[in-house]
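Examination of the molecular architecture
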Amino acid sequence: MSDGQCSGPPPDRDIKGCLGSARQPEVGDEVEYAPGRRAVVTDIRRGDYYLRTWGNREWPVQDPEQLTVKRTRAERVAAGDL
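Residues numbered from 1 in each chain as written. Predicted model: local features only at pLDDT ≥ 70, side-chain atom pairs only at ≥ 80, totals over all residues. Heavy atoms only, no water.

**What to know about the overall build of the protein chain**
This is how it is decided: Secondary structure follows DSSP: runs of H or I at least 4 residues long count as helices, runs of E at least 2 residues long count as strands, and numbering of each begins at the N terminus. Residue exposure (1.4 Å probe, protein chains only): buried if accessible area is under 20% of the type maximum, exposed if over 50%, otherwise partly exposed. Contacts are assigned to residue pairs with any non-hydrogen atoms lying within 4.5 Å of each other. A 1.4 Å probe and the Shrake-Rupley method give the accessible areas. Residues count as covered only by the protein chains that appear here.
Helix and strand content of the protein chain: 3 helices and 5 strands. Going from N to C terminus, the protein chain has its helices and strands arranged as α-α-β-β-β-β-β-α. Residue burial in the protein chain is summarised as follows: out of 82 residues, 29% are buried. For the protein chain, long-range pairs separated by at least 24 residues make up 34% of all intrachain contacts whose partners lie at least 6 apart in sequence. For the protein chain, the computed accessible surface area is about 5400 Å², with 45% contributed by carbon and sulfur atoms.

Put into structure tokens, the structure is as follows:
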């Protein structure tokens, strides 16, 4: 992926492609956990990821390999979404 493709804001860039390998989600990152379904990583307990939607529901992730980072915590802060 070229630098031009990696420098734009989401969804114009693919974080996985820009980093060369799958980026592991971190607390505060917005992830897609199923096609068209997004949540925020709220915790990582003993290697298990926990997600929360825009409400009170929090749950452990069944298959962390399926998580795709859509916006990092820093990007959410910069956008005023945190």
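**Quick notes on the pattern of salt bridges**
This is how it is decided: We count a salt bridge whenever a side-chain nitrogen from Lys or Arg sits within 4 Å of a carboxyl oxygen from Asp or Glu.
Counting across every chain of the model gives 7 salt bridges. Across the pair R38 and E30 runs a salt bridge whose closest N-O atoms are separated by 3.0 Å. Measuring nitrogen to oxygen at the nearest pair gives 3.4 Å for the salt bridge that ties R52 to E58. Overall, E58 belongs to the partly exposed group, its relative accessible area being 30%. Connected through shared salt-bridge partners, E30, R38, R71 and D81 make up one network.

**Quick word on the confidence of the model for the protein chain**
Rules: The predictor reports its confidence for every residue as pLDDT, a score running from 0 up to 100.
Model confidence for the protein chain is summarised by a mean pLDDT of 80, while 73% of its residues fall at 70 or above. Highest mean pLDDT in the protein chain belongs to strand β5 (residues 68-71) (96); lowest belongs to helix α1 (residues 3-7) (46). In the model, residues 1-5 has pLDDT below 50 throughout and makes 7 contacts with residues more than four positions away in sequence or in other chains. In this model residues 11-17 is a low-confidence stretch, pLDDT under 50, and it forms 19 contacts with partners more than four residues away in sequence or in other chains.

**Notes on the packing of aromatic side chains**
Which entries qualify depends on this criterion: Any Phe, Tyr or Trp ring, taking Trp's six-membered ring, that has another such ring centre within 6.5 Å forms a pair; planes under 30 degrees apart are called stacked, those over 60 apart edge-to-face, and the others tilted. Two thresholds decide whether a charge sits over a ring: the Lys NZ or Arg CZ must be within 6 Å of the ring centre and within 35 degrees of the ring normal.
For the structure shown, the criterion picks out 1 aromatic pair. Relative to W59, the ring of Y33 lies with its centre 5.3 Å away and its plane at 70°, an arrangement referred to as edge-to-face. Within this pair, whereas Y33 is found in strand β1 (residues 30-34), its partner W59 is found in strand β4 (residues 58-60), the two being separated by 26 residues in sequence. Sitting above the plane of the Y50 ring, R45 keeps its charged end 3.8 Å from the centroid. Across from the ring centre of W59, 4.5 Å away, lies the NZ or CZ of R57, which sits over that ring.

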